[in-house]
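# Secondary and tertiary structure notes
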Amino acid sequence: MNKPMKTYLVRSLKYFVALCIICALIMALMLLTGTSALSLQETLYVMFRTDRFASLAVAVVVLSALYPRFGFSVRRIEGNIVENRTQIINAFKSAGFSLHSNVEETMIFRAERLPHRLLLLFEDEIHVSQSGQWIVLEGIRRGVARVEYRLDSYLRMTRHNNE
């Protein structure tokens, strides 16, 4: 099995487990707070003896299978990673990421705090590289979008100040 396919399957399994935990937590909270119309026994009966469980299971499987495809993105911003290194590091820092390593011509950032890493299911690596005139951000969509917005602002401010 090639590496991209293995990575995709591992990510799908992570999201499957996370979605199952979220479903279980929601049901537990509903039972504990009394907002559920059913008792624990009735809930278990409905979940495992009716087609509701099959519908929920199919939804969880489909979402976890599709999320790695749509949950990761590549964004480009005009700039240079050598000249704009300070702005890149500051943008990541303000988004809760720190420089983890600098391999060849790629900067790799990771979430600074464990709770943030847990929320990202340890898929918190964002790779920054140069492609022509573009700085390329590659990683989990939530992290990339947050950093892209900040970095674009920092770069525009730098360009404006240098004019």
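Above this note sits the structure.
Here we summarise the structure given alongside this text. (Residues numbered from 1 in each chain as written. Predicted model: local features only at pLDDT ≥ 70, side-chain atom pairs only at ≥ 80, totals over all residues. Heavy atoms only, no water.)

## Concerning the pattern of salt bridges
What counts is decided by this rule: When a carboxyl oxygen of Asp or Glu is within 4 Å of a side-chain nitrogen of Lys or Arg, the pair counts as a salt bridge. Per the convention used, a helix needs a DSSP run of H or I reaching at least four residues, while a strand needs a run of E reaching at least two, with both numbered from the N terminus. Under the scheme applied here, a residue whose accessible area is under 20% of the maximum for its type counts as buried, over 50% as exposed, and between as partly exposed, the area being computed with a 1.4 Å probe on protein chains only.
On inspection of all chains with the given rule, the structure shows eight salt bridges. Notably, a salt bridge pairs E148 with R75, separated by 2.5 Å at the nearest N-O pair. Placement of the pair is E148 in helix 6 (residues 141-162) and R75 in strand 1 (residues 72-78), with a sequence separation of 73 residues. In this structure R75 comes out as partly exposed when scored by relative accessible area, which is 25%. Of the charged contacts, one joins K93 and E112 as a salt bridge, the two residues approaching to 3.8 Å between their closest N and O atoms. Of this pair, K93 sits in helix 4 (residues 85-94) while E112 sits in the loop between strand 3 (106-111) and helix 5 (114-119); the two residues are 19 residues apart in sequence, bridging distant segments of the chain. A cluster of three or more residues bridged by salt bridges with shared partners is formed by R110, R117, D124 and E125.

## Topic: the sheet that holds strand 2 (residues 97-103)
As a reminder of what qualifies: Only strands that DSSP links by at least two bridges are regarded as paired with each other. Note on geometry: axes are lines fitted to C-alpha atoms, helical ones only across the stretch in contact, with angles between N-to-C directions running from 0 to 180 degrees. Here, two residues are considered to be in contact whenever any of their heavy atoms come within 4.5 Å of each other.
Sheet architecture is open: five strands sit in the order 1-5-4-3-2, paired in antiparallel fashion. Two strands close off the open sheet at either side, each with one partner strand: strand 1 and strand 2. The sheet shows a mean angle of 25° between the axes of neighbouring strands, direction not considered. Strands strand 2, strand 3, strand 4 (126-131) and strand 5 (134-140) of the sheet are contacted by helix 4, whose axis makes an angle of about 20° with strand 3.

## A look at the side chain of E123
Put simply, the test is: Pairs of N or O atoms within 3.5 Å make up the polar contacts considered here, provided that, within protein, one atom can donate a hydrogen while the other can accept it, and that residues adjacent in sequence are counted only when both atoms are side-chain atoms.
If you trace the backbone, E123 turns up in the loop between helix 5 and strand 4. When its relative accessible area of 11% is taken as the criterion, E123 is described as buried. A polar contact is formed between the side chain of E123 and the side chain of R11, at a distance of 2.9 Å. In terms of polar contacts, E123 uses its side chain to reach the side chain of K14, at 3.0 Å. In this view, E123 contacts R11, K14, Y15, F72 and I140; residues no more than four positions away in its chain are not counted.

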